[in-house]
Amino acid sequence: MKKILILTADYGYGHRSAAKAIAEALHETHGKDCKVEIVNPLDDPRAPAFFKENQNDYDKLVREMPDLYKLGYQVSESRLASNLIKSTFTLALLNVLREIIRREQPDVIVCTYLFYQGILSAAFAIEKRHIPLLTVVTDLETVQSLWFHPAADLCLVPTQTVHDLAIEAGLPPEKVKITGIPVRPDRVKGTRDQATLRQSLGWRPDLFTVLAIGSKRIEHLYDSLRVLNHSGLPLQLVVVAGGDDELYQRFQQTEWHVETHCYNYVSEMGAYMRAADCILSKAGGLTVSQGLACGLPLILADLIPGQETGNANHVVSGKAGVLAQDPIEVLETVSHWLENDRQLYREQAQNARQLGHPRAAFDVADLAWAAATSEE
């Protein structure tokens, strides 16, 4: 029985989602022969309160103070700040990581968060033991250099752009592999066709369906939905508030003029994506990677400057969607997609499928398994 430890964090949703996707793929392919544990070291009682509070306040920070967040993101790329961040994290979490390793006794470690690699390198040196380490980068193009640490045996990246950045940062080419961002297997595969899925969800099977995914970090979603609601286009809106109670209440109080289905929080987003025709949301790495893996063109109505700029560039340059500057551009995009027997829409859906990596979780799982069994 092999033990696989996945280290993650809860700054946003992407890091933990990637961890869960890898774990599910491992259970599906090697479930009888391995045990997988997902651990967030920042949840440990000994972790400094500063880091825990930053986790909890992440959504609030990026929404209410985007300029400050962008400045912090840019500053963290300087060599001085980078070294300070690494040394601060190492000092604060070294004993936590050492105890986690001793407790879990993993055969391989997978990191879906960038800061743990330096700490693990120090822990390996103290323990005089190296455990195979795989790093999974969870941003599509705009990537902090801290992801590229020589302690990792493999750096698994989502795109050619990030591959090239890793090489420029000094990683040997044989250590860098393009896998895509891991997406939970249930999000991209299913046995029911789109019409059957829509009927099971209570949606109209005959209408072009826009899946709008909201959260506390999306400011302009409601205005875009208002324009579509009054467009007179033959479409169906599926709006998800992402657990934002205020936004959900606003959805419920809206007088909808097109077929609309409102939800507060959806646990099985995979079925909703497979039943939709496109996604309207922010440029988060998780939403973008899941949408592309499902072959859905994206209308990106918001982004976090810096971190998510590259995600938007990836979609736009790949002609798999648009970055909408205002609600009118959202309306124009949907209108153009519906013209000429949806020719432009079909082209962009095909581009999305080509950019997506629906098997990324399985590819990462296979590499983790190979590392865990390499000494046999």
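See the structure above.
It should be emphasised that the depicted structure is a prediction, and the values quoted were computed from it without experimental measurement. (Residues numbered from 1 in each chain as written. Predicted model: local features only at pLDDT ≥ 70, side-chain atom pairs only at ≥ 80, totals over all residues. Heavy atoms only, no water.)

Undergrad: When you look at the overall build of the protein in this model, what are you seeing that I'm missing?
TA: Scanning the protein for helices and strands turns up 17 helices and twelve strands. Across the protein, every contact between residues at least 6 apart in sequence was considered, and the portion connecting residues at least 24 apart equals 67%. (Helix = DSSP H or I, 4+ residues; strand = E, 2+ residues; numbered from the N terminus. Contact = heavy atoms within 4.5 Å.)

Undergrad: What exactly am I supposed to notice about the packing of helix α10 (residues 221-229) against helix α15 (residues 327-338) here?
TA: The geometry of a pair of packed helices is captured by two quantities: the angle between their axes and the separation between those axes. Running from N to C, α10 and α15 point in directions that differ by 45 degrees, and their axes come no closer than 8 Å. Regarding the angle of α10 to α15, the classification is oblique. When you trace α10 past α15, the crossing you get is right-handed. Contacts between α10 and α15 involve D223, S224, V227 and L228 on the former and, on the latter, P327, V330, L331 and V334. For the contact of α10 with α15, the residue count by class is six nonpolar, one polar and one charged. (Axes fitted to C-alpha atoms, helices over the stretch in contact; angles between N-to-C directions. Parallel < 35°, antiparallel > 145°, perpendicular 65-115°, else oblique. Left-handed = near helix turned anticlockwise from the far one by under 90°. Nonpolar A, V, L, I, M, F, W, Y, C, P; charged D, E, K, R; others polar.)

Undergrad: Can you walk me through the packing of helix α1 (residues 14-30) against helix α17 (residues 360-372) in this structure?
TA: One can describe the packing of α1 onto α17 by two numbers: an axis separation of 8 Å at closest approach and a directional angle of 70 degrees. Considering the angle they form, α1 stands roughly perpendicular to α17. For α1 against α17, the interelement crossing comes out right-handed. Contacts between α1 and α17 involve A21, I22, A25, L26, E28, T29 and H30 on the former and, on the latter, A361, F362, V364, A365, D366 and W369.

Undergrad: Even after reading the chapter, I still don't get the sheet that holds strand β10 (residues 278-282), so can you show me in this structure?
TA: Strand pairing in a sheet takes place through backbone hydrogen bonds and is either antiparallel or parallel in direction. If you walk across this open sheet you meet the six strands as β9-β8-β7-β10-β11-β12, and the pairing is parallel. The strands lining the two open edges of the sheet, one partner per strand, are β9 (259-263) and β12 (321-323). Taken over all neighbouring pairs, the strand axes of this sheet differ in orientation by 15 degrees on average, direction set aside. Note: strand β7 (residues 208-213) against strand β8 (residues 235-240), six bridges, orientation parallel. Note on β8: the bridge partner recorded for I213 is V240. Here α15 sits on the sheet and contacts β7, β8, β10, β11 (298-302) and β12; the angle it forms with β11, its principal contact strand, is near 175 degrees. (Pairing = 2+ DSSP bridges.)

Undergrad: So what exactly am I meant to see when it comes to unusual backbone geometry here?
TA: In terms of backbone geometry, most residues other than glycine have negative phi values and most peptide bonds are trans. Even without a glycine there, the phi angle at N340 is positive, about 50 degrees. Following the sequence through the fold, N340 ends up in the loop between α15 and α16 (343-355).

Undergrad: What's the story with the pairing of strand β3 (residues 108-111) in this structure? I'm lost.
TA: It is a general feature of regular strands that their side chains alternate between the two faces of the sheet. By the alternation rule, side chains of β3 split into V108 and V110 and I109 and C111, which are all buried. Inspection of the sheet shows strand β1 (residues 2-7) paired to β3 by four bridges, in the parallel sense. Along β3, the bridge assignment pairs L5 with I109. Here β3 pairs with strand β4 (residues 133-136) via three bridges, running parallel. (Buried < 20%, exposed > 50% of the residue type's maximum accessible area, 1.4 Å probe, protein only.)

Undergrad: When you look at helix α14 (residues 309-317) in this model, what are you seeing that I'm missing?
TA: Three or four residues apart is the spacing at which side chains of an α-helix point the same way, because the helix has 3.6 residues per turn. For α14, the set of buried residues is G310, N311, A312, H314 and V315. Buried residues along α14 sit in contact with α13 (285-293), β11, β12 and α16. Residue K319 follows α14 closely and has a positive phi angle near 55 degrees.

Undergrad: I keep staring at the packing of aromatic side chains and nothing clicks. Help me out?
TA: The way to describe two aromatic rings as a pair is by their centre distance and the angle between their planes. Taken as a whole and assessed by the stated rule, the structure comprises nine aromatic pairs. Relative to F115, the ring of Y113 has its centre 5.4 Å away and its plane inclined at 80 degrees; by these criteria the two rings are edge-to-face. Taken individually, Y113 and F115 each receive the classification buried, so the pair is uniform in this respect. An angle of 20 degrees between the planes, with centres 6.4 Å apart, marks the rings of Y222 and F251 as stacked. Here Y222 is found in helix α10, whereas its partner F251 is found in helix α11 (residues 245-253), with 29 residues between them in sequence. According to the relative accessible area criterion, F251 is buried, its value standing at 0%. Members of the aromatic cluster, each reached through a chain of ring pairs, are Y113, F115 and Y116. R250 extends its terminal NZ or CZ atom over the ring of Y222, reaching a point 3.9 Å from the ring centre. (Phe/Tyr/Trp six-rings, centres within 6.5 Å; stacked < 30°, edge-to-face > 60°. Lys NZ or Arg CZ within 6 Å of the ring centre and 35° of its normal.)

Limitation: the analysis is restricted to geometry and does not speak to function.
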